[in-house]
Each structure stands twice: as C-alpha cells, then as structure tokens.
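Fold and contact review
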Amino acid sequence: QVQLVESGGGLVQAGGSLRLSCASSGHTFTNYAMGWFRQAPGTEREFVSAINWLGDSTYYADSVKGRFTISRDNAKNTVYLQMNSLKSEDTAVYYCAAVRTTAQAVGHFSEFDYDYWGQGTQVTVSS
C-alpha cells in the first residue's frame, strides 16, 4: 500500500554534495515520521537521520551530524536528505523508511520501528 521511492544517488568526489529525495504515495504522508538509513557492503544497516510528521523535530547519527540535513515537504509528499562534505565512509546504499506516528520526538525510534521501506539508492564517494 505504502510506496517509497528514493532518488538522487550517484558518484561524487569527497567533499562534494548530494541531495537524496524520497517520494511517498499510498498513505497520508503527514501522519508518518520518516527516516533515512544506509548500508555499506558487508555491514549492518545503519541509522542516519529522522524527521517527525510535522517536520519540526529532527535527529541525526553522530557520524553525519553537522554535515547532513533532513527535511520534508508534506505538500509534495517528499522527504529529503541534503548531504554535504561527503566522505568515502558515506558510501552506501541509502534507504528511506516510514513509521505511522504523530509523536513529536523521533530520536527514540529504531530501525525495527519503521514499517515501510524503499528499495534504496546508491551513493558512492570517491577518495
């Protein structure tokens, strides 16, 4: 029912920027908190960032804090991840996810709380 489609991945040199988008359909977008996760080859999926349903509360993993910015445009049913100062360590498949909640805070959610996932978009950062 819920469909999430990521886009915006690609190849970028270290220090560069990318903006990922996640388009949502099949649900009431404003009632879902949204998250970004990533997974590098041979590793477990890692939390990156999350944003609450109103878009006024965000949370970031320490590894990306200060470099990445999550935002959402509920009128467009889209969540974004602006990635600046990219490092080779950021290379991974990036996934967006959704969980139905009207909670104000989102830092307490784990990947196991998210109900819907996109198929991912590849981000490769060259050294």
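Above: the structure in question.
To start, this report covers the structure provided alongside it. Small disclaimer: the values here were computed from a predicted structure and weren't measured.

**Focus on the side chain of Thr 78**
Among the structural elements, Thr 78 can be located in strand β8 (residues 78-83). For Thr 78, a relative accessible area of 10% corresponds to the buried category. For Thr 78, the side chain forms a polar contact with the main-chain oxygen of Lys 76, separated by 2.8 Å. Setting aside residues no more than four positions away along its own chain, Thr 78 makes contact with Ser 21, Cys 22, Ala 23, Phe 29, Arg 72 and Asp 73.

**A word on unusual backbone geometry**
Phi is positive for Asn 77, which is not a glycine, with a value near 55 degrees. Its location among the elements puts Asn 77 in the loop between β7 (68-73) and β8. For Asn 77, a relative accessible area of 30% puts it in the partly exposed group. Of note, Ser 85 is a non-glycine position whose phi angle comes to about 50 degrees, a positive value. Turning to its location among the elements, Ser 85 is positioned in the loop between β8 and β9 (92-100). The class for Ser 85 is partly exposed, based on a relative accessible area of 40%.

Rules and cut-offs
Residues numbered from 1 in each chain as written. Predicted model: local features only at pLDDT ≥ 70, side-chain atom pairs only at ≥ 80, totals over all residues. Heavy atoms only, no water. Helix = DSSP H or I, 4+ residues; strand = E, 2+ residues; numbered from the N terminus. Buried < 20%, exposed > 50% of the residue type's maximum accessible area, 1.4 Å probe, protein only. Polar contact = N/O pair within 3.5 Å; in protein donor to acceptor, adjacent residues only side chain to side chain. Contact = heavy atoms within 4.5 Å.

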